[in-house]
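Now for the letters of each chain:
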Amino acid sequence: MIKSCLRYIAFVFVLLSAPITFVSAHVKWFAHEQGYVEPYHVSDLPVILSIIAGIIIVAIGVILDRRLSIPQWLKRLLERIAPAVLSVASIGFGLAFIIFSYLGFVFAPNLVAQGSIGTLLIVIQAIAGAMIFFGWYERVGGLLLVVLFGLGTKIFGFHEMMDTFEMLGFALYAMIIGRPKWKIAESTFMCTHMHKIHQYGVSLLRVGTGINLIILGFSEKILAPALTQDFLLKYDWNFMHAWGFTWFTDYWFAYAAGFGEMMFGVFLLLGLVTRLTIVGLAVFLVTTLILLGPIELVGHLPHFSIAAVLLIFGAGSRLHHRRVA
């Protein structure tokens, strides 16, 4: 157990102590960079404290992951509702890709489709989304999304595609797992061959989502204080002021938000107390949905679907250690 803790802590130390000023951010869903804002530095006291806190939090996560177990009644309930929940999650993903295509972007709002190549990407995304939504050769639809991710990397660049890893994770999951029920047709060929790697499907989805959250925490918040500053000028979300912590400025609130998002990502990447992590993440997703309105649902619809899958399966297997709590 001690060796496991040290291994995880070493990973998190490298991750959290990485240089935090080497990437410029791009336009995102609700904000644009406005003017210059002093970047965060590793030598800043709050940054040093956050690194220490991150290491402690992960160590606690390792301990909890090894000691907590799922109650038998909950395990039976999850097994009973799993086919329906997983199928609804699949439908949610398919709907998201259809909406994305209608709005004219690929995977994320900053990846706007332009020209004839952009039209091709939108068509591929729409077809894949429809196939997944209706359960018509869903695994083939997942394969189309993998192809789409590759094409997007070629056209938009790897840097721009980095924060859509959860989409790639779902594409691989859809290829490998498929849909349990409410499907029109299934590819017998892909079903037979994907069954050989069935145990990897959930883990790939979890890892892709974890990487996505880590990158978003860095790129949209920690690496881009100006981007978050603009957002907080439009939306007064710094609740620390209402609690009497007037010294907790928007500048450090943005950093704290990025750090929190990263920690969710680290826990998913490492497969630590996955179900509890997803519950915590779901609280934040629902909160932003309430505060920002229906438009937020468009961007986070895939994340709600991912949450549903990971609540059912937990961490998955093979790419994770023995526990699936």
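What you see is a predicted model, and the numbers here were worked out from it, not measured in a lab. (Residues numbered from 1 in each chain as written. Predicted model: local features only at pLDDT ≥ 70, side-chain atom pairs only at ≥ 80, totals over all residues. Heavy atoms only, no water.)

1. Thoughts on the side chain of Ser305
For step 1, the next point in the chain: For Ser305, the position within the fold is in helix H13 (residues 294–313).
For step 2, the next point in the chain: The exposure class assigned to Ser305 is buried, which follows from its relative accessible area of 5%.
For step 3, the next point in the chain: For Ser305, the side chain forms a polar contact with the main-chain oxygen of Ala89, separated by 3.1 Å.
For step 4, the next point in the chain: Ser305 has contacts with Ala89, Gly92 and Phe93, leaving out every residue within four places of it along the chain. (Helix = DSSP H or I, 4+ residues; strand = E, 2+ residues; numbered from the N terminus. Buried < 20%, exposed > 50% of the residue type's maximum accessible area, 1.4 Å probe, protein only. Polar contact = N/O pair within 3.5 Å; in protein donor to acceptor, adjacent residues only side chain to side chain. Contact = heavy atoms within 4.5 Å.)

2. Section: the environment of His41
For step 1, the next point in the chain: Inspection of the secondary structure assignment puts His41 in the loop between helix H1 (2–16) and helix H2 (45–67).
For step 2, the next point in the chain: Residues His41 and Ile222 lie 181 residues apart in sequence; the distance between their C-alpha atoms is 9.7 Å.

3. Notes on unusual backbone geometry
For step 1, the next point in the chain: Notably, Tyr137 is not glycine yet its phi reads approximately 55 degrees, a positive angle.
For step 2, the next point in the chain: Structurally, Tyr137 can be placed in the loop between helix H4 (115–134) and helix H5 (138–156).
For step 3, the next point in the chain: Residue Tyr137 is classed as partly exposed on the basis of its relative accessible area, which comes to 30%.
For step 4, the next point in the chain: For Val273, which is not glycine, the phi torsion reads 30 degrees and is therefore positive.
For step 5, the next point in the chain: On the secondary structure map, Val273 appears in the loop between helix H11 (250–270) and helix H12 (274–292).
For step 6, the next point in the chain: On the accessibility criterion, Val273 (5% relative accessible area) is buried.

4. A word on a nonpolar patch on the surface
For step 1, the next point in the chain: On the surface, a nonpolar cluster with roughly 800 Å² of combined accessible area is contributed by Leu45, Ile48, Leu49, Ile52, Ile56, Ile60, Leu64, Leu68 and Leu276.
For step 2, the next point in the chain: Inspection of the secondary structure puts Ile52 in helix H2. (Patch = residues over 30% accessible without salt bridge, like charges linked within 9 Å, V, L, I, M, F, W, Y side chains within 5 Å. Areas by Shrake-Rupley, 256 points an atom, 1.4 Å probe, with all protein chains shown as cover. Salt bridge = Lys/Arg side-chain N within 4 Å of Asp/Glu carboxyl O.)

5. Quick notes on the pattern of salt bridges
For step 1, the next point in the chain: Applying the stated rule across the entire model yields 4 salt bridges.
For step 2, the next point in the chain: Glu138 is the salt-bridge partner of Arg179, the closest N and O atoms lying 3.1 Å from each other. Of this pair, Arg179 sits in the loop between helix H7 (165–177) and helix H8 (188–194) while Glu138 sits in helix H5, placing them 41 residues apart in sequence. No difference in accessibility class separates Arg179 from Glu138, as the two residues are buried.
For step 3, the next point in the chain: The salt bridge involving Arg139 is made with Glu186; its shortest N-O contact spans 2.7 Å. Note that Arg139 is positioned in helix H5 and Glu186 in the loop between H7 and H8, a separation of 47 residues in sequence.
For step 4, the next point in the chain: Residue classification places Glu186 among the partly exposed positions, given a relative accessible area of 22%.
For step 5, the next point in the chain: What you see here is one network of salt bridges that share partners, running through Arg139, Lys183 and Glu186.

6. Concerning the confidence of the model for the protein chain
For step 1, the next point in the chain: In the predicted model, the protein chain carries a mean pLDDT of 84, and the fraction of residues at 70 or more is 84%.
For step 2, the next point in the chain: Low pLDDT, under 50, characterises residues 9–27; the predicted model gives this stretch 50 contacts beyond four residues in sequence or across chains.
For step 3, the next point in the chain: Across residues 318–325, confidence stays below pLDDT 50; counting only partners more than four residues off in sequence or on other chains, it has 36 contacts. (pLDDT = per-residue confidence, 0-100.)

7. Considerations on the packing of aromatic side chains
Each aromatic ring pair is characterised by the separation of its centres together with the angle its planes make.
For step 1, the next point in the chain: Here the structure, examined in full by the defined rule, presents 19 aromatic pairs.
For step 2, the next point in the chain: Aromatic pair Phe248 and Phe253: ring centres 6.5 Å apart, planes at 80 degrees, arrangement edge-to-face.
For step 3, the next point in the chain: Given the relative accessible area of 16%, Phe248 is considered buried.
For step 4, the next point in the chain: Connected via pairs of aromatic rings, a cluster forms that spans Phe93, Phe97, Phe100, Phe105, Phe107, Phe149, Phe158, Phe165, Phe170 and Tyr173. (Phe/Tyr/Trp six-rings, centres within 6.5 Å; stacked < 30°, edge-to-face > 60°.)

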